[in-house]
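Below, each chain spelled out in residue letters.
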Amino acid sequence: MNFTGLPSEAVPDLMTGVITAHPSVAGRSDAYLPSPCIQNHAANLAFLRDGTLSCVWFGGTMEGMGDISIYMSRLAPGSERWSEPEKMSDDPEKSEQNPLIFNAPDGKTWLLYTSQTSGNQDGSVVKCRLSDDGGKSFGPVKILCDSPGTFVRQQIVVNGKGDWLLPVFRCVGLSGQRWSGDADTAAVLISRDGGASWQMRDIADSIGAVHMNILPLDGDDMIAFYRNRFAESILSSRSSDGGETWSAPEPTELPNNNSSIQATVLNDGAIAMVYNHSNASTSDARRQSLYDEIEGGETGEATVVADIGRKAVWGVPRAPLSLAISRDGGKSFPHRVDLDTGDGFCLSNNSKDSLNREFSYPSVIQGSDGALHIAYTYYRRAIKYVRLAPQSLP
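In this report, we go over the structure that sits alongside the text. Remember, it's a predicted structure, so these values are computed and weren't measured experimentally.

### Thoughts on the overall build of the protein chain
Reasoning step 1: Along the backbone of the protein chain there are one helix and 28 strands.
Reasoning step 2: Against the 2.2 N^0.38 benchmark of 21 Å for 394 residues, the protein chain shows a C-alpha radius of gyration of 19 Å, consistent with a compact globule.
Reasoning step 3: Across the 394 residues of the protein chain, 61% fall into the buried class.
Reasoning step 4: The long-range fraction of contacts in the protein chain, counting pairs at least 24 apart against all pairs at least 6 apart in sequence, stands at 56%.
Reasoning step 5: As displayed, the protein chain offers around 14500 Å² of accessible surface, 49% of which is attributable to carbon and sulfur atoms.
Reasoning step 6: Between the centroid of the 34 positive side chains of the protein chain and the centroid of its 47 negative side chains there is a distance of 2 Å.

What follows is the structure in structure tokens.
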């Protein structure tokens, strides 16, 4: 089953936030979130404490530019229209990216995001803002992690002992070269004091494994899924001690094109994964790096290592966007549908001239009624929202 999208030139007129029934797929409804920005990317969904569904993303002219900031829109319970977005960050010297919302056990709501100069991801730090009123308003910007090259993307998980697990990836530079992702690794920031302090735990043998997505299973068992810098397959690892230690990432049966993925545990214990069903073997499209359209750039301040002999793969089409379901704890994903199809062209990040046609960076969460909520980048022009009724799941 394929759920087809719309031409990119139609997107600006559709960015009203109004949710409408899909014309041909029963149980599905769609919306394009409102935004004042030319480029919109890297959505993350979370329910706030009052049941409001929130979506955060970054927007501006082009990823890496100084006008890239964090935005947040809300869908109130019972509403069929997303709110006008609120600008959540505004540092004109930094590109602020990859936001996420976390509802902490102590009642506070956290907004986390990264902050970097130009395309220098190896100089990025993690910033945060805290809310005492369930996400209605947020306090001043603070530094959560100042270790250069630290990047976030996926949700914080609280283990059985009450420790907070924040999956991160470490953008590592190669000697004398601008960052290109060749030597990135995975890690977990662990807080045992409610976010007051954090300890970095590196994941062994994780070069190329980024966007670690931790899912709790039974007891202290957890599984994590990763984006693959070398565009081969989605990777996974496991923990049996509540996320303290992890096995080395290994390939799964699902392909990956060096683009983000996200998974969630459903109410019935199944795992839903949204991702691009493509990899380097399905296309010879390549670009130099993620930021090859941005002038300048220097090597960052992170740990610099010698050339590892492998190069991150950029430019593999970011399509189709697919939903897959596992009912054996993430061992296999035999049930799949495509949410959006097209050529997925991503050899350019240029949104101003509508050169990009990717479907990417999905976020997925299930509501208490069983409906699945998905948000993702649509042609780097809009954040598209999809709601699937329980009977629509594969």
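### Thoughts on the nonpolar core
Reasoning step 1: Membership of the largest hydrophobic core comes to 24 residues, with the highest contact counts inside it found for Leu323, Leu372, Ile374 and Leu388.
Reasoning step 2: Broken down by element, the residue count for this core peaks at four residues, all from strand β27 (residues 372–378).
Reasoning step 3: What leucine 372 contacts, discounting residues up to four positions off in sequence, is Leu266, Ala272, Leu323, Val364, Ile365, Gln366, Val386, Arg387, Leu388 and Leu393.
Reasoning step 4: Counting 17 residues, the second largest nonpolar core, distinct from the first, contains Ala104, Trp110, Leu112 and Trp164.

### Looking at the sheet that holds strand β9 (residues 125–131)
Reasoning step 1: Pairing is antiparallel in the open sheet, where four strands are placed in the order β7-β8-β9-β10. With partners counted over all chains shown, the strands left at the sheet margins are β7 (95–103) and β10 (142–145), one partner each. Sheet twist, expressed as the mean angle between neighbouring strand axes with direction ignored, is 35°.
Reasoning step 2: Sheet topology note: the β7/strand β8 (residues 109–116) ladder contains seven bridges and is antiparallel. Looking at the pairing, serine 95 lines up with glutamine 116 of β8.

### Let's talk about the pattern of salt bridges
Reasoning step 1: In total, this model carries 25 salt bridges according to the counting rule given.
Reasoning step 2: Here glutamate 86 makes a salt bridge to arginine 74, at a shortest N to O gap of 3.4 Å. Note that glutamate 86 is positioned in strand β6 (residues 86–87) and arginine 74 in strand β5 (residues 69–75), a separation of 12 residues in sequence.
Reasoning step 3: Residue classification places glutamate 86 among the partly exposed residues on the basis of a relative accessible area of 35%.
Reasoning step 4: Of the residues examined, arginine 74 reaches a relative accessible area of 18% and is grouped as buried.
Reasoning step 5: Across the pair lysine 108 and aspartate 132 runs a salt bridge whose closest N-O atoms are separated by 3.9 Å.

### A few points about the sheet that holds strand β24 (residues 321–326)
Strand pairs in the sheet, formed through backbone hydrogen bonds, run parallel or antiparallel to each other.
Reasoning step 1: Read from one edge to the other, the open sheet built from four strands follows the order β21-β22-β24-β25, with strand pairing classed as antiparallel. Two strands in the sheet have a free side with no partner beyond their single neighbour: β21 (262–265) and β25 (335–340). The average undirected angle you get between the axes of adjacent strands in this sheet is 20°.
Reasoning step 2: As paired elements, strand β22 (residues 271–276) and β24 share six bridges and run antiparallel to each other. In the strand pairing of β24, isoleucine 271 is matched with serine 326.

### Concerning unusual backbone geometry
Reasoning step 1: In this chain, alanine 319 is followed by proline 320 through a cis amide linkage whose omega measures -10°.
Reasoning step 2: Located in the positive-phi region is asparagine 98, a residue other than glycine, with phi close to 50°.
Reasoning step 3: Tracing the backbone shows asparagine 98 in strand β7.
Reasoning step 4: A relative accessible area of 2% places asparagine 98 in the buried class.
Reasoning step 5: Notably, arginine 380 is not glycine yet its phi reads approximately 55°, a positive angle.

### Here's the deal with the packing of aromatic side chains
Reasoning step 1: Scanning the model with the defined rule gives 13 aromatic pairs in all.
Reasoning step 2: Centroid distance phenylalanine 359 to tyrosine 378: 5.4 Å. Interplanar angle 50°. Geometry classified as tilted. Highlighted residues: phenylalanine 359 in strand β26 (residues 359–366) and tyrosine 378 in strand β27, separated in sequence by 19 residues. Summarising the burial analysis for this pair, phenylalanine 359 and tyrosine 378 share the class buried.
Reasoning step 3: Summarising the aromatic geometry, the rings of tyrosine 378 and tyrosine 379 are spaced 4.5 Å apart at their centres and angled 15° between planes, so their arrangement reads as stacked. With respect to burial, tyrosine 378 and tyrosine 379 carry one shared label: buried.
Reasoning step 4: Among the aromatic residues, ring-to-ring pairing joins Tyr32, Phe359, Tyr378 and Tyr379 into one connected group.

### Considerations on the environment of glycine 329
Reasoning step 1: Position of glycine 329 among the secondary structure elements: in the loop between β24 and β25.
Reasoning step 2: Considered as a pair, glycine 329 and isoleucine 271 are 58 residues apart in the sequence and their alpha carbons are 6.9 Å apart.
Reasoning step 3: Once you skip the residues sitting within four places of it in the chain, glycine 329 turns out to touch Leu217, Ile223, Arg238 and Ile271.

### Considering the environment of serine 360
Reasoning step 1: Looking at where serine 360 falls in the secondary structure, it is placed in strand β26.
Reasoning step 2: Taking the C-alpha atoms as reference points, serine 360 and proline 317, separated by 43 residues in sequence, lie 9.8 Å from one another.
Reasoning step 3: If near-sequence neighbours (up to four positions away) are discounted, serine 360 is found in contact with His41, Ser259, Asn276, Arg318, Leu321, Tyr376 and Thr377.

### Concerning the state of the cysteines
Reasoning step 1: If you walk through the whole model with that rule in mind, you get zero disulfides.
Reasoning step 2: Left unpaired, cysteine 128 is separated from the closest cysteine sulfur, that of cysteine 145, by 11 Å.
Reasoning step 3: Cysteine 128 gets classed as buried once you look at its relative accessible area, which sits at 3%.

What counts and how
- Residues numbered from 1 in each chain as written.
- Predicted model: local features only at pLDDT ≥ 70, side-chain atom pairs only at ≥ 80, totals over all residues.
- Heavy atoms only, no water.
- Helix = DSSP H or I, 4+ residues; strand = E, 2+ residues; numbered from the N terminus.
- Rg over C-alpha atoms; globule rule 2.2 N^0.38 Å.
- Buried < 20%, exposed > 50% of the residue type's maximum accessible area, 1.4 Å probe, protein only.
- Contact = heavy atoms within 4.5 Å.
- Areas by Shrake-Rupley, 256 points an atom, 1.4 Å probe, with all protein chains shown as cover.
- Lys, Arg positive; Asp, Glu negative; His and termini not counted.
- Charge placed at Lys NZ, Arg CZ, Asp CG, Glu CD.
- Core = buried A, V, L, I, M, F, W, Y, C linked by side-chain atoms within 4.5 Å.
- Pairing = 2+ DSSP bridges.
- Axes fitted to C-alpha atoms, helices over the stretch in contact; angles between N-to-C directions.
- Salt bridge = Lys/Arg side-chain N within 4 Å of Asp/Glu carboxyl O.
- Phe/Tyr/Trp six-rings, centres within 6.5 Å; stacked < 30°, edge-to-face > 60°.
- Disulfide = S-S within 2.5 Å.

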